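Take a look at the letters that make up each chain.
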2 protein chains.
Amino acid sequence: MAVSMSPKQKVYQEVLQEIRKLIDENKLKTGDKLPSERELSEKLGAGRSSVREALRAMELLGLIETKHGEGTFLSAYRPYQSVEVLASFILQETSTRNDLLQTKKKLEKEAAKMAYERLTDQNINELEKLTTDLSDDMKKQHLTYFTYLFTKTENLLLTRIWRLMEEYSHTMDAHYYDQKFYVELINIFRTRKYPSIESLFEDTVIIK
Amino acid sequence: MAVSMSPKQKVYQEVLQEIRKLIDENKLKTGDKLPSERELSEKLGAGRSSVREALRAMELLGLIETKHGEGTFLSAYRPYQSVEVLASFILQETSTRNDLLQTKKKLEKEAAKMAYERLTDQNINELEKLTTDLSDDMKKQHLTYFTYLFTKTENLLLTRIWRLMEEYSHTMDAHYYDQKFYVELINIFRTRKYPSIESLFEDTVIIK
DNA sequence: ATAAATAGGTGGTCAGACCACTTAACTATT
DNA sequence: AATAGTTAAGTGGTCTGACCACCTATTTAT
């Protein structure tokens, strides 16, 4: 056995490094096109399937974007995809009911506080309409209501994580608040009583 | 053209979902063995190369561990690989950065509030020791400090999600607070001034 | 009983073949 | 000449089959 064995990296990991080098040397920027899979395969002396394993991993990490028939492009780094995938596995692995519902509730609380600062009177009226629409069931109403608030947070990552939890919660049997809650929150928005948001959430129990 | 086209997901993404289902249904835990690539390929009706694309991506994300000649195993989530890869690729984008740091901060705030109710005097002393240990750099100190607090939340899901963001934030250049912050938070714990937690966090700026 | 050889299962990798999609060049029609 | 339609080439998407390398357990030979 050789004295110093390099840990024998897998081909797709080497490809990953080579692609990074390539980007560096050619000073490629967001939106630029990478060489085609076949070209990379030939230049790097690796099979196309190995190149694809590297590219798919990069894609999942949000580093590249692939367009069928066009090519592979460097993308602005947005960890949303990977965070989502990871979160989905973490959720499935750990989610005790309580953890999920408790965490989701906290995200909703923070979203309400963030939205608070950006809501106009007009916005509040729109939101109110959503609560009075009785054609939807509670589940859908909750979703609509908070989707609106999360939009106002202007934090896409926060929104996506919440949305993921919201979807997971649908597989359980509890995921919304008492009808009065939604009305009261609007009331707080109107009367500008910021500190009440915290207590409203903390005092509210999730409906089973 | 059909009226409503589903976005036609790629096979490897479907495989990803199916594997998650499989883990869920069979209640697989860390260390358990996944079906072999060939078996998955057959069961899911996908080519082995597509299955591998999914598995390689999962591997890079640290969700599974592969042992040549043995099989594929669920691993305790260790994002080493993905963080390393990302770090070497990432061009920082402000909007994304802000989303992440803002969200992470809110999770830390909620953790502090949850921990508050469970911290004993003994715990607070332990926590204080962590802040006075000057052998670590700020990054590590922040990690240690909040890891402790998140443990106290007894919400594994919340902890995992935070940890994920913490890891991701390391690929950026800002992730901790002013030294005074950590001391002040301990002070709040000692003097039992719960409401101050909210304001402490809201008034604190992330160090760049 | 021990050691060696073997067989089967598993991941690692490659080559080649199609398919689906996009774009641009070319051609036929007006 | 302008337009519409066709074609060809390039690209990603996917599958199949073939080996190789590695591990384990069984079998076999000593």
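Residues numbered from 1 in each chain as written. Chains lettered and ligands numbered in written order. Predicted model: local features only at pLDDT ≥ 70, side-chain atom pairs only at ≥ 80, totals over all residues. Heavy atoms only, no water.

Peer 1: I keep staring at the interface of chain B and chain A and nothing clicks. Help me out?
Peer 2: Listed per partner, the contact involves 50 residues of chain B and 54 residues of chain A. Interface area for chain B against chain A, summed over the two sides, is near 4900 Å², with a carbon-plus-sulfur share of 65%. Where chain B meets chain A, there are 10 salt bridges. With a closest N to O distance of 2.6 Å, K10 of chain B and E59 of chain A form a salt bridge. At the boundary of chain B with chain A, the tally comes to 23 residue pairs in polar contact (both at pLDDT 80 or more). Contributions of two or more residues to the side of chain B that touches chain A are made by α1 (11-25), α3 (48-61), α4 (80-89), α5 (94-116) and α8 (156-169) of chain B. It is α5 of chain B that contributes the most residues to the side of chain B that touches chain A, 11 residues altogether. Partitioned by chemical class, the residues of the side of chain B that touches chain A number 25 nonpolar, nine polar and 16 charged. (Contact = heavy atoms within 4.5 Å. Buried area = accessible area lost by both parts, 1.4 Å probe. Salt bridge = Lys/Arg side-chain N within 4 Å of Asp/Glu carboxyl O. Polar contact = N/O pair within 3.5 Å; in protein donor to acceptor, adjacent residues only side chain to side chain. Helix = DSSP H or I, 4+ residues; strand = E, 2+ residues; numbered from the N terminus. Nonpolar A, V, L, I, M, F, W, Y, C, P; charged D, E, K, R; others polar.)

Peer 1: What is the right way to look at the protein's contact with DNA strand C in this model?
Peer 2: Around DNA strand C, 26 residues are found, and the nearest of them are K10, V11 and S50 of chain A together with K8 and R48 of chain B. Those atoms of DNA strand C that come within 4 Å of the protein belong to sugar or phosphate at a rate of 62%. Between DNA strand C and V11 of chain A there is a distance of 2.7 Å, counted from a phosphate oxygen to a backbone nitrogen or oxygen. Backbone polar atom of G47 of chain A to a phosphate oxygen of DNA strand C: 2.9 Å apart, as the coordinates give it. Secondary structure elements with two or more residues in the surface near DNA strand C: α3 (48-61) of chain A together with α2 (37-44), α3, β1 (64-67) and β2 (71-74) of chain B. When its residues are assigned to classes, the surface near DNA strand C shows two nonpolar, 12 polar and 12 charged. (Near = heavy atom within 4 Å.)

Peer 1: Please clarify how the confidence of the model for chain A should be interpreted in this entry.
Peer 2: Do not read the fine detail of predicted coordinates wherever pLDDT is low. Averaged over chain A, the pLDDT score is 87; the fraction of residues at 70 or greater is 90%. In the predicted structure, residues 1-5 of chain A sits below a pLDDT of 50 and forms zero contacts with residues beyond four places in sequence or in another chain. (pLDDT = per-residue confidence, 0-100.)

Peer 1: How should the packing of aromatic side chains be read in this particular structure?
Peer 2: Residues and elements named next belong to chain A. Per the counting criterion, the structure on display carries 28 aromatic pairs over all chains. Each ring, one from F146 and one from W162, has its centre 6.5 Å from the other, and the planes form 50 degrees; the classification is tilted. Remark: W162 occurs in helix α8 (residues 156-169) and F146 occurs in helix α7 (residues 138-153); sequence separation between them is 16 residues. Accessibility classification places F146 together with W162 in one group, the buried group. Ring geometry for Y177 against F201: centres 6.1 Å apart, planes inclined by 85 degrees, an arrangement best described as edge-to-face. (Phe/Tyr/Trp six-rings, centres within 6.5 Å; stacked < 30°, edge-to-face > 60°. Buried < 20%, exposed > 50% of the residue type's maximum accessible area, 1.4 Å probe, protein only.)

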